[in-house]
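Fold and contact review
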Amino acid sequence: MDQIEVIRKKQLKMALGVGIPYFAFVIGIFLIVYLAQEAVTQISLMGFPLHYWLVAIAIYPITWALFIWYVGRANALEDEIEETLGGN
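Residue numbers restart at each chain and count upward from 1, following the sequence in its written direction. In keeping with the predicted nature of the model, local features appear solely for residues at pLDDT of at least 70, side-chain atom pairs appear and are counted solely at 80 or more, and the whole-chain, interface and lining totals rest on all residues. Note that water and hydrogens are dropped before the side-chain values are worked out from all heavy atoms of the structure.

Take the buried residues of types Ala, Val, Leu, Ile, Met, Phe, Trp, Tyr and Cys, join any two whose side-chain atoms come within 4.5 Å, and each joined set is a nonpolar core. Exposure classes here rest on a 1.4 Å probe applied to the protein chains alone. A residue is buried below 20% of its type maximum, exposed above 50%, and partly exposed in between. One finds Ile 7, Met 14, Ala 74, Leu 77 and Ile 81 forming the largest nonpolar core, which totals five residues. Listing elements by their share of this core, those giving two or more residues are helix 1 (2-35) and helix 3 (50-86). Runs of H or I in DSSP of at least four residues are treated as helices and runs of E of at least two as strands, each being numbered from the N terminus. Examining the composition of this core, we find that three residues originate from one element, helix 3, more than from any other. Only heavy atoms matter for contacts: two residues are in contact if any of them lie within 4.5 Å across the pair. In contact with Leu 77, not counting residues within four places along its chain, are Lys 10, Gln 11 and Met 14.

Before going further, it helps to spend a moment on the packing of helix 1 against helix 3. All axes are obtained by fitting lines to C-alpha atoms, using only the stretch in contact for helices, and the reported angles, taken between N-to-C directions, cover 0 to 180 degrees. Taken N-terminus to C-terminus, the directions of helix 1 and helix 3 make an angle of 175 degrees; their axes are 11 Å apart at the nearest point. Classified by the interaxial angle, the pair formed by helix 1 and helix 3 is roughly antiparallel. When its residues are assigned to classes, the contact of helix 1 with helix 3 shows 21 nonpolar, five polar and three charged. Small angles under 35 degrees read as roughly parallel and large ones over 145 as roughly antiparallel, with 65 to 115 read as roughly perpendicular and the rest as oblique. Throughout this entry, Asp, Glu, Lys and Arg are counted as charged residues, while Ala, Val, Leu, Ile, Met, Phe, Trp, Tyr, Cys and Pro are counted as nonpolar. The remaining residues, Gly among them, count as polar.

This is the structure we're talking about:
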């Protein structure tokens, strides 16, 4: 039973270690756009306003990269758990 608790703690630590900063990042982008409307709307990249890039375009590649990394790390953790449990 102790091994199960160790596994759960590792998984929870990893999930919260990724989820909380990601949530803060997403909320932060929207807050920056909302609170600094004047400055953000005046900056333009390739013909699109900066707020459009931040909210509609930049968030998706960042999200996909984070999710790909997270799945790889979760799979590595599962392999580690399997090795640990398989060894007993």
